[in-house]
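Below are the chains, spelled out letter by letter.
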Amino acid sequence: MRKLIVLCSLLIASGSLLTSCIEPPLKLPAEAVLVDVPTVITDMEVVWSVDADWTYQWHYGWDATDSTLFGNYDYPKPSNYEVRRYYLGDEPGGRHTNVDAFTIFTSRFRRSYQFGYYDMLLYSNIDSDDGTQVLVIDESDLDNVKASTTVTRGMTRLFNNQPDIDGTKAVTGLYNQPEIFYSAYPQDIYISRNEADYDYYDEEEKCWVKQINCELYPLVYIYLVQVIFTNNDGRVTGTSGNAALSAFARGTNVNTGYTDNDPVIVYFNTRYKAGIEVEGKPCDIIGGKFTTFGLCDMPHYSQKPKPEYDGTRTDLPNYLMVDVRFRNGTEKTLQFDVTDQCRKQSHGGIITVVIDCGEIELPEGESGQGSLFVPTVEDYDEVIYDIPM
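Rules of the game
Residues numbered from 1 in each chain as written. Predicted model: local features only at pLDDT ≥ 70, side-chain atom pairs only at ≥ 80, totals over all residues. Heavy atoms only, no water. Helix = DSSP H or I, 4+ residues; strand = E, 2+ residues; numbered from the N terminus. Buried < 20%, exposed > 50% of the residue type's maximum accessible area, 1.4 Å probe, protein only. Contact = heavy atoms within 4.5 Å. Areas by Shrake-Rupley, 256 points an atom, 1.4 Å probe, with all protein chains shown as cover. Pairing = 2+ DSSP bridges. Core = buried A, V, L, I, M, F, W, Y, C linked by side-chain atoms within 4.5 Å. Salt bridge = Lys/Arg side-chain N within 4 Å of Asp/Glu carboxyl O. Phe/Tyr/Trp six-rings, centres within 6.5 Å; stacked < 30°, edge-to-face > 60°. Lys NZ or Arg CZ within 6 Å of the ring centre and 35° of its normal.

Visitor: Describe the overall build of the chain, listing the residues and the values that go with them.
Guide: Across its full length, the chain carries 2 helices and 25 strands. Relative to its 389 residues, the chain shows a buried fraction of 52%. Sequence separation of 24 or more characterises 77% of the internal contacts of the chain that already satisfy a separation of 6 or more. Split by element, the accessible area of the chain, about 18500 Å² in all, is 46% carbon and sulfur.

Okay, structure coming up:
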């Protein structure tokens, strides 16, 4: 999986409110130099890193048509950011009672600071071609900024008859995929009066400088999904393009990156490709890209070593649902238990289902187009094809 890391250098420069910097005063023996009113400069450098190979066991491929229909399957580079600055006073670890908010379009952020402690929250904005987005940021709680997604447009059926598990509805709707974005949350940044707390004096800028590094990690993860049909012989002829995955988190905490406990079904699109070679044999494949905040109660990607899912909602299996069209004109939504694959790749990866079409009986019914049928939890026991994973 490709990931984007944005390195932020917080450069703290001394200066007055009327002048950007001051010369360092002469230092008497045993006397500490006191820094005047400080200025903080935030420099952001984009660094690309690859920690997984998408091509490993990925047979569907990704051609120009896929990119046109679904976008690229890489993590995009952000072009602008939101910066939230919280002043804590003289003690670290305090609550956020006030916030300074900024939107920046360059890699440098420079403002005057008071002495004391600060927290900062930096997250990337969404670069949308049509100016719209489904990702919603809620900053009503300054200590816990939340990101969530919305109900899928045109498919707003809610499920009122599913059983209640421990007081929480197991499925709350059919939701959009969230857009990729990134965040960093450096805490307890100390703005000091003492020269000894600064890293060096910049002769060119005439400033005392203190450098703090932080990293912006993705808070939305990418899965590539492929359903491989072997021995097809024309039984499966295509798909309407509808697909969904169940029991993913509806949102995440932007500060910590820890996902919430609100499981939803997330909708995505697919495409059918015929005659793809898999292990030397021709197969037909339905594939697509799926983005998600992750599984419920899931730790943030930056926690190392990278953890497998260790959340508390082990009662919720992950089901992949895909519309399949058959040669007699009928269409059926197939569903598969992919829980093990999702938990082993809790921060994105490749989900694969293999179907031997020689064992499929064509469904009976009238020909014509179908639409995605999203089952409730009660339907999850009725797996159409038991595919060993």
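Visitor: I'd like to hear about the pairing of strand 16 (residues 221-230), residue by residue, with values.
Guide: Within strand 16, 10 of the 10 residues are buried, leaving the element largely enclosed by the surrounding structure. When strand 16 meets strand 25 (residues 349-356), the two strands line up parallel, connected through 8 bridges. Each residue of the ladder has a partner; that of Leu 224, found in strand 25, is Ile 350.

Visitor: An account of the nonpolar core is requested, with residue identities and associated values reported.
Guide: Of all hydrophobic cores here, the largest spans 82 residues; its most connected members are Phe 181, Leu 245 and Leu 320. A total of 8 residues in this core trace back to one element, the largest contributor, which is strand 16. Setting aside its immediate chain neighbours within four residues, Leu 245 contacts Val 225, Val 264, Ile 265, Val 266, Phe 268, Phe 290, Tyr 319, Leu 320, Met 321, Val 338 and Ile 351. In this structure, Leu 174, Ala 244, Ile 265 and Tyr 267 belong to the second largest nonpolar core, which totals 6 residues.

Visitor: Help me get a handle on the pattern of salt bridges, residues and values and all.
Guide: Scanning all chains against the criterion turns up 10 salt bridges. The shortest N-O distance in the salt bridge between Asp 63 and Lys 273 comes to 3.4 Å. Placement of the pair is Asp 63 in the loop between strand 2 (38-50) and helix 1 (64-70) and Lys 273 in strand 21 (residues 271-278), with a sequence separation of 210 residues. Judged by relative accessible area, Lys 273 falls into the buried class, the value being 9%. Among the charged side chains, a salt-bridge network with shared partners connects Asp 63, Asp 66, Arg 271 and Lys 273.

Visitor: So, the packing of aromatic side chains: which residues are in play, and what are the values?
Guide: Throughout the structure, instances matching the rule amount to 11 aromatic pairs. Between Phe 248 and Phe 290, the aromatic rings sit 5.1 Å apart at their centres with planes inclined by 65°, giving edge-to-face as the arrangement. Residue Phe 248 is found in strand 18 (residues 242-249), and its partner Phe 290 is found in strand 22 (residues 281-292); the two are separated by 42 residues along the sequence. In this structure, Phe 248 and Phe 290 share a single accessibility class: buried. Aromatic ring contacts, followed pair by pair, group Trp 58, Tyr 60, Trp 62, Phe 70 and Tyr 73 into a single cluster. In this structure, Arg 85 is placed above the aromatic ring of Tyr 113, and the distance from its NZ or CZ to the ring centre is 4.3 Å. The ring of Tyr 60 has Lys 273 sitting right over it, with the charged end atom 3.9 Å from the ring centre.

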